[in-house]
Amino acid sequence: MAVKKILVPTDGSTFTKNAVESAIATSKLTGASITAVYVVDASTMATARGDMYESVTEILNEEGQEAVAAVKAQCDAAGVPCETLVVGGRPADTIVEMSKDYDLIVMSTLGKTGVKKYLIGSVAEKVIRMAECKVLTIRAQ
């Protein structure tokens, strides 16, 4: 199967950098385009109400825009086409749903929590088990 579209989930953490570099290398080999996605975690807003909800939503959307912009900057510097998306939902579920439209997901094994005692993060684990396309996980360093 040819790789035409690569999905790169990002949470804005430093762990994403190696995954982006791997996605760029794959893109250069295959000619695939990259889509960087940040999922605004709906569970973080579950208890927020009124003005607090709007404030939290705004902060998380800004964080998401910064995260995908960083991926796009890496892609632009490498001459690789990149789209960016900031969407709402549960990160693992949203990435799995999006996997239907991609040939490959390239993601870090750890995210923001970066809990080193775990071998793989819960989002990465669920994506690996349930994605409808190939998943390349990059060890967080």
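Just so we're clear, the structure is a prediction, and the values are computed from it rather than from any experiment.

How each quantity is defined
Residues numbered from 1 in each chain as written. Predicted model: local features only at pLDDT ≥ 70, side-chain atom pairs only at ≥ 80, totals over all residues. Heavy atoms only, no water. Buried < 20%, exposed > 50% of the residue type's maximum accessible area, 1.4 Å probe, protein only. Helix = DSSP H or I, 4+ residues; strand = E, 2+ residues; numbered from the N terminus. Pairing = 2+ DSSP bridges. Phe/Tyr/Trp six-rings, centres within 6.5 Å; stacked < 30°, edge-to-face > 60°. Lys NZ or Arg CZ within 6 Å of the ring centre and 35° of its normal. Contact = heavy atoms within 4.5 Å.

**Some details on the pairing of strand β4 (residues 104–108)**
- Most of β4 sits out of view: 5 of its 5 residues are buried.
- With burial as the criterion, each face of β4 is covered, one bearing L104, V106 and S108 and the other bearing I105 and M107.
- Looking at chain direction, strand β1 (residues 5–9) and β4 are connected through 2 bridges and run parallel. Residue I6 lies in a different strand from β4, and its bridge partner there is L104.
- Note that β4 and strand β5 (residues 134–138) share 5 bridges and pair parallel. Across the sheet, I105 pairs through a bridge with V135, a residue of β5.

**Considering the packing of aromatic side chains**
- As enumerated under the stated definition, the model contains 0 aromatic pairs in all.
- The side chain of K5 reaches across the aromatic face of Y102, ending 4.9 Å from its centre.

**Let's talk about helix α3 (residues 91–98)**
- Most of α3 is tucked away: 6 of the 8 residues are buried.
- Every buried residue of α3 is listed here: P91, A92, T94, I95, V96 and M98.
- Looking at the packing, one finds that the buried side of α3 touches β1, β2 (33–41), β3 (82–89), β4 and α4 (122–130).

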